[in-house]
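Residues per chain, in single letters:
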Amino acid sequence: MIHRKKLMLIQLYNTLNRQLEIFSPIVENEVRIYTCGPTVYNYAHIGNLRTYIFEDILRRIMNYAGYTVTHVMNVTDVGHLTGDDDEGEDKMLKSSRESGRSVWEIAQYYTDAFFQDTDKLNILRPHTACRATEHIQDMINLIKKLETNGHTYTAGGNVYFSIDTFPEYGKMAGLKLDDMQSGARIEIDTSKKNPKDFVLWFTKSKFENQVMIWDSPWGRGYPGWHIECSAMSMKYLGPHFDIHCGGTDHINVHHTNEIAQSEAATGTKWVNFWLHGEFLIDDSGKMSKSKGDFLTLSYLIKKSYDPLDYRYFCMGAHYRSQLQFSFAALDAAKNARLNLKERIRILQDRCGSVQGDNLSKRADDYVKLFEEHIGKDLNVSRGLADLWQVIKDQLLPEQEKLYIIKQMDSVFGLSLLDFTNDDLNNDSKEVDSLISERTIARKNRNFSRADEIRDILQAMGIDIKDTPEGTTWRKKV
Ligand code: AMP
Ligand code: ZN
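On a predicted model such as this, the values are computed, not experimentally measured, just so you know.

Calculation rules
- Residues numbered from 1 in each chain as written.
- Chains lettered and ligands numbered in written order.
- Predicted model: local features only at pLDDT ≥ 70, side-chain atom pairs only at ≥ 80, totals over all residues.
- Heavy atoms only, no water.
- Helix = DSSP H or I, 4+ residues; strand = E, 2+ residues; numbered from the N terminus.
- Buried < 20%, exposed > 50% of the residue type's maximum accessible area, 1.4 Å probe, protein only.
- Contact = heavy atoms within 4.5 Å.
- Areas by Shrake-Rupley, 256 points an atom, 1.4 Å probe, with all protein chains shown as cover.
- Donors = N, O, S within 2.8 Å, 3.2 Å for Na, K, Ca; no water.
- Tetrahedral: all angles 85-135°; square planar, octahedral: opposite > 155°, others 65-115°.
- Phe/Tyr/Trp six-rings, centres within 6.5 Å; stacked < 30°, edge-to-face > 60°.
- Lys NZ or Arg CZ within 6 Å of the ring centre and 35° of its normal.
- Pairing = 2+ DSSP bridges.
- Axes fitted to C-alpha atoms, helices over the stretch in contact; angles between N-to-C directions.
- Parallel < 35°, antiparallel > 145°, perpendicular 65-115°, else oblique.
- Left-handed = near helix turned anticlockwise from the far one by under 90°.
- Nonpolar A, V, L, I, M, F, W, Y, C, P; charged D, E, K, R; others polar.
- Polar contact = N/O pair within 3.5 Å; in protein donor to acceptor, adjacent residues only side chain to side chain.
- Right-handed = clockwise from strand over helix to strand, strands pointing away.
- Disulfide = S-S within 2.5 Å.
- Salt bridge = Lys/Arg side-chain N within 4 Å of Asp/Glu carboxyl O.

> Account for the overall build of the chain, naming residues and giving values.
From N to C terminus, the chain includes 15 helices and 16 strands. Going through the 477 residues of the chain one by one, you find that 55% of them count as buried. Sequence separation of 24 or more characterises 75% of the internal contacts of the chain that already satisfy a separation of 6 or more. Carbon together with sulfur atoms contributes 48% to the accessible area of the chain, which is approximately 20800 Å² in total.

> Describe the coordination of the zinc ion (ligand 2), listing the residues and the values that go with them.
For the zinc ion (ligand 2), the protein coordination sphere consists of C36 (SG), C229 (SG), H254 (NE2) and E258 (OE), at 2.1 to 2.4 Å. Viewed at the metal, the four donor atoms of the zinc ion (ligand 2) are separated by angles of 71 to 130°, and the geometry they form is irregular. Here the donor residues of the zinc ion (ligand 2) are spaced in sequence according to C-x192-C-x24-H-x3-E. Residue C229 is found in helix 6 (residues 226-237), and its partner E258 is found in helix 7 (residues 251-266); the two are separated by 29 residues along the sequence. Accessibility classification places C229 together with E258 in one group, the buried group.

> I'd love a proper account of the packing of aromatic side chains, names of residues and values included.
If you walk through the whole model with that rule in mind, you get 20 aromatic pairs. Ring centres of F202 and Y222 lie 4.9 Å apart, and the angle between their planes is 20°; on these two criteria the pair is classed as stacked. Here F202, found in strand 8 (residues 198-202), pairs with Y222, found in strand 9 (residues 222-223); they are 20 residues apart in sequence, far enough to count as distant. Each member of the pair F202 and Y222 is classed as buried. Three or more aromatic residues joined by ring pairs make a cluster, and in this case those are Y305, Y310, F313, F325 and F327. Between the NZ or CZ atom of R101 and the centre of the ring of Y109, over which it lies, the distance is 5.1 Å. Lying over the aromatic face of Y153, K193 brings its terminal NZ or CZ to 4.3 Å of the ring centre.

> So what's going on with the pairing of strand 3 (residues 30-35)? Which residues, and what values?
Burial within strand 3 is extensive, with five of its six residues counted as buried. Where strand 3 lies against strand 10 (residues 241-247), three bridges are found, and the strand directions are parallel. Its bridge partner being in strand 10, Y34 is matched across the sheet by H244.

> With reference to specific residues and values, describe the packing of helix 6 against helix 7.
Put simply, helix 6 and helix 7 touch, their axes get as near as 8 Å, and they point 50° apart. Between helix 6 and helix 7, the angle is such that the two are oblique. Here the hand of the crossing between helix 6 and helix 7 comes out right-handed. When helix 6 is examined against helix 7, the residues H226, I227, C229, S230 and M234 are found in contact with a partner set consisting of V253, H254, N257, E258, Q261, S262 and T266. For the contact of helix 6 with helix 7, a count of residues per class yields four nonpolar, seven polar and one charged.

> Let's hear about the sheet that holds strand 10: which residues, and what values?
If you trace the five strands from one edge of the open sheet to the other, you get 5-4-3-10-11, paired in parallel fashion. Only two strands of the sheet have a single partner each, and these edge strands are strand 5 (128-131) and strand 11 (271-277). The mean inter-strand angle of the sheet, taken between neighbouring strand axes irrespective of direction, is 20°. Where strand 4 (residues 68-75) meets strand 5, four bridges bridge the pair, whose relative direction is parallel. Counted as the bridge partner of V75 is R131 from strand 5.

> Can you break down unusual backbone geometry residue by residue, with the values?
In this structure, S304 takes a positive phi of about 70° despite not being glycine. With respect to the helices and strands, the residue S304 is situated in the loop between helix 8 (297-302) and helix 9 (307-315).

> Break down the environment of E437 for me, with residues and values.
By the secondary structure assignment, E437 is in helix 14 (residues 423-443). Spatially, the C-alpha atoms of E437 and R449 are 8.9 Å apart, while their sequence positions differ by twelve residues. Ignoring anything within four residues of it in the chain, the contact list for E437 reads R449 and I453.

> I'd love a proper account of the side chain of H276, names of residues and values included.
Relative to the elements of secondary structure, H276 occurs in strand 11. A distance of 2.8 Å separates the side chain of H276 from the side chain of T15, its partner in a polar contact. For H276, the side chain forms a polar contact with the side chain of H255, separated by 2.8 Å.

> Let's hear about the pairing of strand 11: which residues, and what values?
Across the seven residues of strand 11, seven count as buried, placing the element largely inside the fold. Sheet topology places strand 10 next to strand 11; six bridges connect them, and they run parallel. Directly across from H244, in strand 11, lies its bridge partner W274. A crossover connection joins strand 10 to the parallel strand 11 through helix 7; in handedness this β-α-β unit is right-handed.

> How would you explain the state of the cysteines if you had to name every residue and give the values?
Enumeration over the complete set of coordinates arrives at zero disulfides. No disulfide involves C245; its sulfur sits 8.8 Å from that of C36, the nearest cysteine.

> Talk me through the pattern of salt bridges; I want residue IDs and the actual numbers.
Under the counting rule described, the total for this entry stands at 20 salt bridges. Notably, a salt bridge pairs R337 with D306, separated by 3.5 Å at the nearest N-O pair. Highlighted residues: R337 in helix 10 (residues 327-351) and D306 in the loop between helix 8 and helix 9, separated in sequence by 31 residues. For R337, a relative accessible area of 2% gives the class buried. With a relative accessible area of 29%, D306 lands in the partly exposed category. With a shortest N-O distance of 2.9 Å, D377 and R320 are connected by a salt bridge. Taken as a pair, D377 in the loop between helix 11 (361-375) and helix 12 (380-392) and R320 in the loop between helix 9 and strand 14 (323-324) lie far apart in primary sequence, 57 residues in all. Of the residues examined, R320 reaches a relative accessible area of 35% and is grouped as partly exposed.

Written out as structure tokens, the structure is:
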């Protein structure tokens, strides 16, 4: 067997330097990844889920390349205001007021709903999923460190991070410190020395009935949103780790503030690679939770889509390109996925076992090409095209095909060789026996019976296609 994985070259687009860079880990053979998790005041929308799918692909590619991955993700259950710049109301409190349920009930309910969605999408669970409310002391300790290092001030009852004490502030986002003093904003907090300063700890609640509050050296209150990611990532991954991810909306404020407070606290570089996923958009532009009107995975399931149709749809575009959602495009993804699975099912029925020892040159070339594509900034859409080529290649031994498909699917996470929960599988016996009968009828030149069977299958909602490998079928969408 060819062991190329350890040598696989991985290049990632690093937002920090706005360029493709060769990935090399801090600790040999290990990758430590932190991803910003959900704010659990509502269901995740399919745009959020696109970001988690991209992060899952990153993790799977690292696994494929032979790295041991440690993945940490936060769950924001306090402190995320409706505006990222310390403006507006706490999202959890707003949801509580509107629904009449306690903030704790809401957090638990939407955390569970989030993981149910990600499980359905074959997104691997983080090794550590940490709730903000369970790490208040870690945040307080970090703020104390910042205070000792002279990076904070207290005003109007809040503790602020002073960005003027951190000359590198805004480097990743390309912000210029000189422009910031004059940066007019709609709602300026008059306690801030610089409009871009941000709250580390609120002691004077902006809101009535604030129930999520804790004791701290600065008085009873609650943390700002950004501090949780710095505190929890460093707790579980150490002060310097490999990769931090999130959506592009986080570059200018959330991640910029995370970098400032983390590096001001430790005095050293915090994260080597920053990866940001572009947005899923719909007809009205950006899909957002706060707009209230958004699509969920449950809605797609209700509309008879398999969650993996959505995963396949997302994989058709590069993670750094915006992706426009439409039901027509989702239908196309569904068709392609079902077609793919059906071809693989036939292949598996025919050859049973996989063959990975002593790959032929032809097979090895496919694997090499695939690794080249996915290694170049996670290009799984090129990887999917490679998979289709493998399937269609009539000169490739079938057992090798199956082996390559299995390897590729460890990156795609599409359960391509798992037919147990497939709707298709339930119908498949009947369809298979009709197709066998039709094949015999055609062999015997009994075309009227063959056409009759095609009509029966049509009426059952099954489309068939005659290919050189045999007849394939799929359910009509
Ligand atoms: P939130 O739960 O709002 O904190 O967002 C969770 C993740 O989804 C973050 O990484 C966001 O950057 C990302 N995100 C938000 N909206 C979209 C969208 N329309 N498309 C893709 N990712 C998004
Ligand atoms: Zn974060």
